[in-house]
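So the chains spell out like this:
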Amino acid sequence: MNNDIPVLALGPQGEVMAHAVDACVHCGFCLPACPTYALLGDEMDSPRGRIVLMKEVLEGQLDLQDAAPHLDRCLGCQGCVSACPSGVPYGELITAFRGWSEPQRRRSPLDRAKRYAILRALPAPKLFSVAARVGQYAKPLAPALPAALKAPLDLLPEHVPAMQPSPPVTPARGQRRGRVAFLAGCAQQALAPNFNAATLRVLSRNGIEVVLPEGQGCCGAAALHTGARDEALKLVRANLQAFDPDEYDAIISNAAGCGAGLKEYPVVLHGLPDEEQAKKFAAKVRDISEYLNELLLGGELQPFMPARKPLNVAYHDACHLAHAQKVKAAPRALLKAIPGVRLVEIPEGDLCCGSAGTYNLEQPELAAQLGQRKAGNILGTQPDLIASGNIGCHTQIQSHVRRQGSQVPVMHTIEVLDLAYRGEL
Amino acid sequence: MAGKKMTPEKMASEKTAVEKQGLTTNSRARKPRSEGTPDNPLAAELTRQLGSKKVLHQLSERLNYRYDAIQFGVTPLCVVLPESTADVVAAVKVARAAGIPIVGRGAASGLSGGVTPLQESLVISFTRMTRLEVFPERREAVAQPGVVTLKVTEAARPHGLFYPPDPASFRTSTIGGNLGENAGGPMCFKYGVTGDYVKALEFVDEGGDVHRVTREAFDLAGLLIGSEGTLGLMTEATLRLIPPPKFTRTLMAHFAEVGQAAEAVSAAIAAGAVPAKLEFMDRACTNAIEDYLHLGLPREAEAVVLVDTDGNDLRTVDAELELVAQACQGAGGVVKLAADPAEADALWQARRSISPALGRIRPQRMNEDIVVPRSALPQVVREIRALGDASGLHLVQFGHIGDGNLHPNIMFDPRIEDEGAVHDLAHKIALVAIRHGGVLSGEHGIGTMKRDFMTDAVDPVTLQALWNVKKALDPAGRLNPGKILPEQPGGPHAHP
């Protein structure tokens, strides 16, 4: 698309944005892949429309405040990126745009307070855990609260589990075949500590030593995707300090959103002195399913015990795994490697569940519509178990599946593999 | 006294059955509303009559209704998102009273500038008119214009039926847009184009009156199909469905030279093969696709041909595929059969993605849609290739070669390449088609892109007849002005 984006004035992130706008041929192939277009049916709430809006704002043809409502409705799911034959890096565009525009946004005090709270609590597991516990007691009050406070409470599980800090080093069981660094994640530690425990057990069982490098923190994705670029840069650089890519075979994440965030570091630092370091780092990052699938393909993965009875497993593609990281085959291959597991595909599988980072806190109505639709699509396959690779999707799907009256278990892929190893699936 | 069988709840639940087929914009989600007071009288009156949910008047909302997949036009004064024929009638009447032109719009995936407003207009976007009903006993579907094309087949499939017109954009494009452009697709070689599947149409004329026409008497429906919204606004279509063939086989052949591919096609058809699909793409296309899908297409080949044969008798289907394979080998091609349906699907996804994937070469393009007699194909593709090579511009070719429908595309970057030279080359290509007894458009319409070439393709007397039709149905020239028909210098309708 032709544009007059003042690249020089905007700096390195301006280059990122102008490149994405250039690449778009406004063909509309992205429309059916966009969840908000599916719900709202208008061009401004489609990827193609948003690209034009961002272009117009960057060119100074349109006031940011007028474009903002449509840009805020974007989930950042990147379903459009998978659907785009022209190769438009939409994810990079919207992230860079949010970073550029946030300082110019006019927000209400309540809005600002909410954003501040989210961005403080998410990257701090202990603080998040305390907040979650408080929220758990406030849950019965939810119906009486305004939407802004109701949404986060709705998402909290009935019981917030106790924190289970992971050991700094988990030795390999048997002969040591590899050594990886592990990003422990933030909110996930508080809401689902078993994800990490299962990850450590499965890696260790496969002869992999797992290190949690000291000084690591939040991946920065939540801050970055909500436009808090300075905040994000601090977190990114802390991680680059903590993880030395030369020391490990891989840097592992078990949260799709965080993994995508880590792989994005070179774009975040584009044009800055630490860009090269970020590239080296990102080249080592693997989702847990990717890493285990590499072992499976090499014939090096320990075999699973068969499921106790035949199981229909519905695998939900987390957007940040399927679209942002292009990891679709690996988790499926791993689940299928468990004897007795039958994998079922979910209708509209490419459509976001509505969780999308902080989206269900910021756009609760649309998030709920999508959650409901996703739960309906999943339950239609009559699964015995639902698996996915992201804490956000996990919480969202569990909450909506329960709301539709189903008690079917919802698990992280790694939990399913862990159970299979223990003969408890 | 509403009968119980017709409660809104029941109607809604019936609708859900169709909605579950896939994505639809016919959701009950709260639609965003335009905030504030409309700043022009047209938008104010439309908002008064239709309510704020159906009318977009803010700049941030209108900006996005000025383009299709090829061109940007003028930002409309107002956009209406009708939910019923009655809404369309109201909008047309308001625009008429205000003397404002009307541009109808589907998903805007068109490739000829057909839905880009050329002056301040009212855009009527049909994406929320998505009612779709299937009547298996009559082998019919009744669709509103906003129904996404692929949805018709998805809704028909459980009844053992399908809807053959399959433009490359069928996941995005709408029935309304397909009708407006008389869209084709790979299937059209054997099964025909959109117009061949329309049994009846409902349309709103420029005065706001609603008409229902079939194909009897004067084929008024036929006149509206492919008229690009210049004669009326189609609000409902009754579409013909057919049972799908039981068996399909797919092959790909690649060639060291583009003309060889065209020779293979001519030879296969002369030998009596009637493939379901017969498509062609040149080297630039396969490479753009390969960059997107990584399928292992032959990057070095100058041309690739993709073929499906189908039918209810497997032996015939195989025999027909063999005929095509022999013709390809005879012309010097290398043939590969698709091992399974998944491999075939991947090849067809590749074909469908060509058009947008070309954006990887240059951000902008001039898209041609010529149709030539099949006997002339080898000569035509070679002449076009030579013109491209001589021009120094990026010229690529692909298309529904079985029908003689070719899409030469000139890829360019206006910051680097001279737009005059691009237009010049496009004109030369159009003249090649005309010289070989061909036409300017097979399925994408004339729009604004090929309007200038109409005087080369159509003689003055016939052009006058077209103007007379336009004048009869749209006397004030208010429906999608500036499309298809070139201005008549000094003529009575030069400034309608």
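Residues numbered from 1 in each chain as written. Chains lettered and ligands numbered in written order. Predicted model: local features only at pLDDT ≥ 70, side-chain atom pairs only at ≥ 80, totals over all residues. Heavy atoms only, no water.

**Things to note about the overall build of chain B**
Part 1: Each helix and strand in chain B was counted, giving 17 helices and 19 strands.
Part 2: In summary, chain B has a C-alpha radius of gyration of 23 Å against a globular reference of 23 Å for 496 residues, a match within 12%.
Part 3: Taking the principal axes of its C-alpha atoms as reference, chain B extends roughly 70 × 60 × 45 Å.
Part 4: Looking at chain B as a whole, 59% of its 496 residues are labelled buried.
Part 5: Taking contacts inside chain B between residues at least 6 apart in sequence as the whole, the part at least 24 apart equals 71%. (Helix = DSSP H or I, 4+ residues; strand = E, 2+ residues; numbered from the N terminus. Rg over C-alpha atoms; globule rule 2.2 N^0.38 Å. Buried < 20%, exposed > 50% of the residue type's maximum accessible area, 1.4 Å probe, protein only. Contact = heavy atoms within 4.5 Å.)

**Regarding the sheet that holds strand β19 (residues 409-412) of chain B**
Two orientations exist for strands paired in a sheet by backbone hydrogen bonds: parallel and antiparallel.
Residues and elements named next belong to chain B.
Part 1: Pairing within the open sheet is antiparallel, and its 3 strands lie in the order β14-β19-β16. Every interior strand has two partners, whereas the edge strands, β14 (364-367) and β16 (394-396), have only one. Adjacent strand axes in the sheet meet at a mean angle of 25°, parallel and antiparallel pairs treated alike.
Part 2: The pairing of β14 with β19 spans 4 bridges and is antiparallel. Counted as the bridge partner of M366 is I410 from β19.
Part 3: Its contacts with the sheet place helix α15 (residues 419-435) against β14, β16 and β19, and it is angled at close to 170° to β19. (Pairing = 2+ DSSP bridges. Axes fitted to C-alpha atoms, helices over the stretch in contact; angles between N-to-C directions.)

**Some details on the side chain of B:D308**
Residue and element names in this part refer to chain B.
Part 1: Tracing the backbone through its elements, the reader meets D308 in strand β12 (residues 303-311).
Part 2: Relative accessible area serves as the criterion here: at 4%, D308 is assigned to the buried category.
Part 3: In terms of polar contacts, D308 uses its side chain to reach the side chain of T250, at 2.6 Å.
Part 4: If we skip the residues at most four places from it in the chain, D308 touches T248, R249, T250, P275, A276, K277 and W348. (Polar contact = N/O pair within 3.5 Å; in protein donor to acceptor, adjacent residues only side chain to side chain.)

**Looking at the environment of A:L335**
All names here are of chain A.
Part 1: In this fold, L335 is placed in helix α20 (residues 329-336).
Part 2: Exposure remark for L335: the relative accessible area of 0% places this residue in the buried category.
Part 3: Counting along the chain gives 110 residues from L335 to H225, while the straight-line C-alpha distance between them is 31 Å.
Part 4: Each residue touching L335, except ones within four places of it in the same chain, is listed here: V313, Y315, V341, L343, A387, T413, V416 and L417.

**Looking at the interface of chain A and chain B**
Part 1: Residue-level contacts link 42 residues of chain A with 46 residues of chain B.
Part 2: Summed over both partners, the interface of chain A with chain B buries about 3,500 Å², with 55% contributed by carbon and sulfur atoms.
Part 3: When the area that chain A buries against chain B is broken down by residue, the three leading residues are A:H26, A:F29 and A:P85, summing to 16%.
Part 4: At the junction of chain A with chain B, the criterion picks out 4 salt bridges.
Part 5: We note a salt bridge from B:R128 to A:D42, for which the minimum N-O separation is 3.6 Å.
Part 6: Applying the counting criterion to the chain A and chain B interface returns 17 residue pairs in polar contact (both at pLDDT 80 or more).
Part 7: Breaking the side of chain A that touches chain B down by element, the ones donating at least two residues are α3 (35-40), α4 (47-59), α5 (64-72), α6 (79-83) and α22 (364-379) of chain A.
Part 8: Class assignment for the residues of the side of chain A that touches chain B results in 20 nonpolar, 11 polar and 11 charged. (Buried area = accessible area lost by both parts, 1.4 Å probe. Salt bridge = Lys/Arg side-chain N within 4 Å of Asp/Glu carboxyl O. Nonpolar A, V, L, I, M, F, W, Y, C, P; charged D, E, K, R; others polar.)

**Let's talk about the nonpolar core**
Part 1: Formed by 60 residues in total, the largest nonpolar core has its most connected members in B:F255 and B:I410.
Part 2: Apart from the residues within four sequence positions on either side, B:I410 is in contact with B:Q364, B:R365, B:M366, B:L393, B:H394, B:L395, B:V422, B:L425, B:A426 and B:I429.
Part 3: Formed by 54 residues, the second largest nonpolar core is a distinct cluster that contains A:L203, A:A250, A:I252 and A:Y315. (Core = buried A, V, L, I, M, F, W, Y, C linked by side-chain atoms within 4.5 Å.)

**Section: the confidence of the model for chain B**
Residues and elements named next belong to chain B.
Part 1: Taken over all residues, the pLDDT of chain B has a mean of 90, while the share at 70 or more is 91%.
Part 2: A low-confidence stretch, residues 492-496 (pLDDT under 50), is modelled with 10 contacts involving residues beyond four sequence positions or located in other chains.
Part 3: Here the complex is predicted with pTM 0.90, and the ipTM for its interfaces comes to 0.89. (pLDDT = per-residue confidence, 0-100.)

**Considering the side chain of B:T230**
All names here are of chain B.
Part 1: Its place among the elements puts T230 in the loop between α8 (220-224) and β9 (233-240).
Part 2: Residue class for T230 comes out buried when judged on its relative accessible area of 5%.
Part 3: A distance of 2.6 Å separates a polar atom in the side chain of T230 from the backbone oxygen of S227.
Part 4: Beyond its immediate chain neighbours, meaning those up to four positions away, T230 contacts K470, D474, L479, N480, K483 and I484.

**Here we look at helix α5 (residues 149-156) of chain B**
Part 1: Among the 8 residues in α5(B), 8 count as buried, and that is most of the element.
Part 2: Of the surrounding secondary structure, the elements contacted by the buried residues of α5(B) are β5 (132-135), β6 (140-143), α6 (175-181) and β9 of chain B.

**Examining the pattern of salt bridges**
Oppositely charged side chains are able to pair whenever their charged atoms sit close together.
Residues and elements named next belong to chain B.
Part 1: Throughout the structure, instances matching the rule amount to 58 salt bridges over all chains.
Part 2: Residue D282 is joined to R385 by a salt bridge in which the shortest nitrogen-to-oxygen separation is 3.6 Å. Placement of the pair is D282 in strand β11 (residues 277-282) and R385 in helix α14 (residues 377-391), with a sequence separation of 103 residues.
Part 3: Judged by its relative accessible area of 2%, D282 is buried.

**Considerations on the packing of aromatic side chains**
Part 1: Summed over the entire model, instances satisfying the criterion amount to 7 aromatic pairs over all chains.
Part 2: Here B:Y163 and B:Y197 contribute two aromatic rings whose centre-to-centre distance is 6.1 Å and whose plane-to-plane angle is 80°, an arrangement assigned as edge-to-face. Of this pair, B:Y163 sits in the loop between α5 and α6 while B:Y197 sits in the loop between α7 (188-191) and β7 (198-204); the two residues are 34 residues apart in sequence, bridging distant segments of the chain.
Part 3: Owing to a relative accessible area of 3%, B:Y163 belongs among the buried residues under this scheme.
Part 4: Each member of the aromatic cluster is reached from another via a ring pair, and the members are A:F243, A:Y265 and A:F281.
Part 5: One cation-aromatic arrangement involves A:K55 over B:F72; the distance from NZ or CZ to the ring centre is 5.9 Å.
Part 6: It is B:R138 that lies over the ring of B:F135; its NZ or CZ is 4.3 Å from the centre. (Phe/Tyr/Trp six-rings, centres within 6.5 Å; stacked < 30°, edge-to-face > 60°. Lys NZ or Arg CZ within 6 Å of the ring centre and 35° of its normal.)

**Some words on the pairing of β9(B)**
All names here are of chain B.
Part 1: Across the 8 residues of β9, 7 count as buried, placing the element largely inside the fold.
Part 2: Pairing between β6 and β9: 4 bridges, direction antiparallel. Counterpart to A143 in the pairing with β9 is A237.
Part 3: Inspection of the sheet shows β7 paired to β9 by 6 bridges, in the antiparallel sense. Across the sheet, the residue bridging to V198 is L239, located in β9.

**What about the environment of A:Q188?**
Residue and element names in this part refer to chain A.
Part 1: On the secondary structure map, Q188 appears in helix α11 (residues 187-191).
Part 2: Taking the C-alpha atoms as reference points, Q188 and N254, separated by 66 residues in sequence, lie 9.7 Å from one another.
Part 3: If near-sequence neighbours (up to four positions away) are discounted, Q188 is found in contact with P193, F195, N196, N254, A255 and I391.

**A short note on helix α18 (residues 288-297) of chain A**
Residue and element names in this part refer to chain A.
Part 1: In terms of burial, α18 is a largely internal element, 7 of the 10 residues being buried.
Part 2: Inspection of α18 places I288, S289, E290, Y291, L292, N293 and L295 among the buried residues, and these make up the whole buried set.
Part 3: Positive backbone phi, at 70°, marks G299, one or two positions downstream of α18.

**Some thoughts on the packing of α18(A) against α20(A)**
Between two packed helices, the angle of one axis relative to the other and the distance separating the axes together describe the packing.
Residues and elements named next belong to chain A.
Part 1: With their axes 8 Å apart at the nearest point, α18 and α20 run at an angle of 55° to one another. Viewed along their axes, α18 and α20 adopt a mutual orientation that is oblique. Crossing of α18 over α20 shows left-handed handedness. Within the contact between the two elements, α18 uses S289, E290, L292, N293 and L296 and α20 uses A330, P331, A333 and L334.
Part 2: Partitioned by chemical class, the residues of the contact of α18 with α20 number 6 nonpolar, 2 polar and 1 charged. (Parallel < 35°, antiparallel > 145°, perpendicular 65-115°, else oblique. Left-handed = near helix turned anticlockwise from the far one by under 90°.)

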